[in-house]
Amino acid sequence: MGAKLDYAAVFDAIPTPCTVVTPDLVIVAVNDACLRATRRTREEVLGRSILTAFASPPGFVEALRTSLEQVTSTGEMDVIPLVRHDVEAERRGELEEHHWNLVHVPVFDRGRRLSWIMCWAEDITPLLGDAPDARHDGDEQEPHIHRRARDLVELSSRLKQAYRQEQQTVSALHEAIEHQQRFLFDATHDLRNPITGLMTELEVALTESDAGMHPTLRKLHRDVERLDAIVGDLLALARLYTATPPATDRVDLGRLVVQELEEHPPSGEVITRLDPGVVVRASRVRLARVLSNLVANAERHTTSKIEIVVTADPPSAFLEVIDDGPGIPPADREKVFHRMYRRADARAKDPRGSGFGLAIGREIAQAYGGDLYVADHPGGARLVLRLPLAQAQS
């Protein structure tokens, strides 16, 4: 499997102080820059309200509360262009004067529900460094600070406008994608009936026609079967995005494997190692589709046998399908999950395949909080379905 981006490391490496809070303003993450700027530790701030975790003065807290409540109620970014918040100096008990520009950005889940708010704090104290020395009359410094504040307000206004335009563009793109997905779902669904009728007519013709017509009819029947398989894969993909998700059940992976092998036995030898009691929460129908696709993929490439393994390593459950064929080179281990991608050896062994099977499998796995990937294995391909154990979800 290709290298995954370590988001936690990236978050901690960001030089701008950043805190992530829940909609009720509880801190769930804070990066290293923020800890350095506030001279706090994670243990001191995680799980606490952002309004109290940093010993802020009342004016700062009120501005912060108002801005975050604005984000929560509107779902739009909000900016505090200039606010003073002094930071504890290296010598305990002393404070250093600091001025900040705060940016609060909402983060939504796939259902467009507010999940977190990212709180960015840019220390703009250096921008005030060319102001008259604080030791001079305060009247000399005040106009300079106000000029800086006006500049920041203007910049904030432009940023808000750009953000709103970006949100409108994203919404339009989402609408266009949803329209295309609905069209795909409707079109593929409507194709199933005529294809099924054509297959039935060809089967009847095979039993009633002259023997001389059989080769042509068999070829037509195989072509229609392939067309039916492609439409079926397209319909499965469309359902993942447009249809109402099926109810989740407690599915015993070992029992699922046994039942599917009994109902749809593969053409070659199958060896199973199934730990009992490996239970996940998902749609049984969809998991059966993943298993069917993995077994079909293994059948195309195996030379003698297929091995199916079910194990648990809390908090995850694993279903592995292993063949003893030529294997999948590391460079292709992500490509095989791209829609319609088929390696040359796969096309040679089965030119009728659609190239959707593994893509569908990964989409289903990710829909239930898991993944589908290619793991290392000597002498063959090893595809692994990982899902959260049902006990870990409860």
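Residues numbered from 1 in each chain as written. Predicted model: local features only at pLDDT ≥ 70, side-chain atom pairs only at ≥ 80, totals over all residues. Heavy atoms only, no water.

Engineer: Explanation requested: the overall build of the protein chain in the structure shown.
Structural biologist: Along the backbone of the protein chain there are 11 helices and 14 strands. Within the protein chain, the proportion of its 394 residues that are buried is 40%. Within the protein chain, residue pairs in contact and separated by at least 24 positions form 57% of the contacts whose partners lie at least 6 positions apart. Accessible surface, the protein chain: about 22400 Å² in total, of which carbon and sulfur atoms supply 54%. (Helix = DSSP H or I, 4+ residues; strand = E, 2+ residues; numbered from the N terminus. Buried < 20%, exposed > 50% of the residue type's maximum accessible area, 1.4 Å probe, protein only. Contact = heavy atoms within 4.5 Å. Areas by Shrake-Rupley, 256 points an atom, 1.4 Å probe, with all protein chains shown as cover.)

Engineer: What am I meant to see in the pattern of salt bridges here?
Structural biologist: Working definition: two side chains of opposite charge can pair if their charged atoms are close together. Counted by the stated rule, this structure contains 12 salt bridges. With a shortest N-O distance of 2.8 Å, Glu320 and Arg382 are connected by a salt bridge. Of the two residues, Glu320 is situated in strand β12 (residues 316–323) and Arg382 in strand β14 (residues 382–388); the sequence distance between them amounts to 62 residues. A relative accessible area of 10% means that Glu320 is categorised as buried. When its relative accessible area of 24% is taken as the criterion, Arg382 is described as partly exposed. For Asp332, the salt bridge goes to Lys335, with nearest N and O atoms at 3.9 Å. Members of the salt-bridge network, linked through shared partners, are Asp12, Asp32 and Arg42. (Salt bridge = Lys/Arg side-chain N within 4 Å of Asp/Glu carboxyl O.)

Engineer: Would you mind going over the sheet that holds strand β6 (residues 99–108) with me for this structure?
Structural biologist: What holds strands together in a sheet is hydrogen bonding between their backbones, with the strands either parallel or antiparallel. Spatially, 5 strands are ordered β2-β1-β7-β6-β3 in an open sheet, and the strand pairing comes out antiparallel. Every interior strand has two partners, whereas the edge strands, β2 (27–30) and β3 (78–84), have only one. Neighbour-to-neighbour, the strand axes of this sheet turn through a mean angle of 20°, independent of strand direction. Alignment of β6 against strand β7 (residues 114–123), held across 9 bridges, turns out to be antiparallel. Considered in β7, the bridge of His104 is made with Cys119. Sheet strands in contact with helix α4 (residues 58–74) are β3, β6 and β7, and its direction is about 175° off that of β3. (Pairing = 2+ DSSP bridges. Axes fitted to C-alpha atoms, helices over the stretch in contact; angles between N-to-C directions.)

Engineer: Sorry if this is basic, but what is going on with α4 here?
Structural biologist: Because each turn of an α-helix spans 3.6 residues, side chains separated by three or four positions in sequence point in the same direction. Look at α4: 24 Å from first C-alpha to last across 17 residues, which is about the 24 Å you get at 1.5 Å a residue. Looking at the buried positions of α4, the neighbouring elements they touch are β3, β6 and β7. Residue Gly75 follows α4 closely and has a positive phi angle near 70°. (Expected span 1.5 Å × (residues − 1).)

Engineer: How should I be thinking about a nonpolar patch on the surface in this particular structure?
Structural biologist: Taken together, the side chains of Leu5, Tyr7 and Val10 define a hydrophobic patch exposed on the protein surface, amounting to about 350 Å² of accessible area. The residue Leu5 is located in the segment before α1 (7–13) in this model. Using a relative accessible area of 54% as the deciding quantity, one classes Leu5 as exposed. (Patch = residues over 30% accessible without salt bridge, like charges linked within 9 Å, V, L, I, M, F, W, Y side chains within 5 Å.)

Engineer: Would you mind going over the state of the cysteines with me for this structure?
Structural biologist: A covalent bond between the sulfur atoms of two cysteines is what we call a disulfide. Enumeration over the complete set of coordinates arrives at 0 disulfides. A disulfide-free cysteine, Cys119 has its sulfur positioned 7.2 Å from the sulfur of Cys18, the nearest such atom. (Disulfide = S-S within 2.5 Å.)

Engineer: Where do I start with the side chain of Asn101 in this structure?
Structural biologist: In this structure, Asn101 sits in strand β6. In this structure the side chain of Asn101 is engaged in a polar contact, spanning 3.1 Å, whose partner is the backbone oxygen of Ile80. Among the polar contacts made by the side chain of Asn101, one reaches the main-chain carbonyl oxygen of Pro81 at a distance of 3.4 Å. If we ignore the near neighbours within four places in the chain, the residues touching Asn101 are Val79, Ile80, Pro81, Trp120, Ala121, Glu122 and Ile124. (Polar contact = N/O pair within 3.5 Å; in protein donor to acceptor, adjacent residues only side chain to side chain.)

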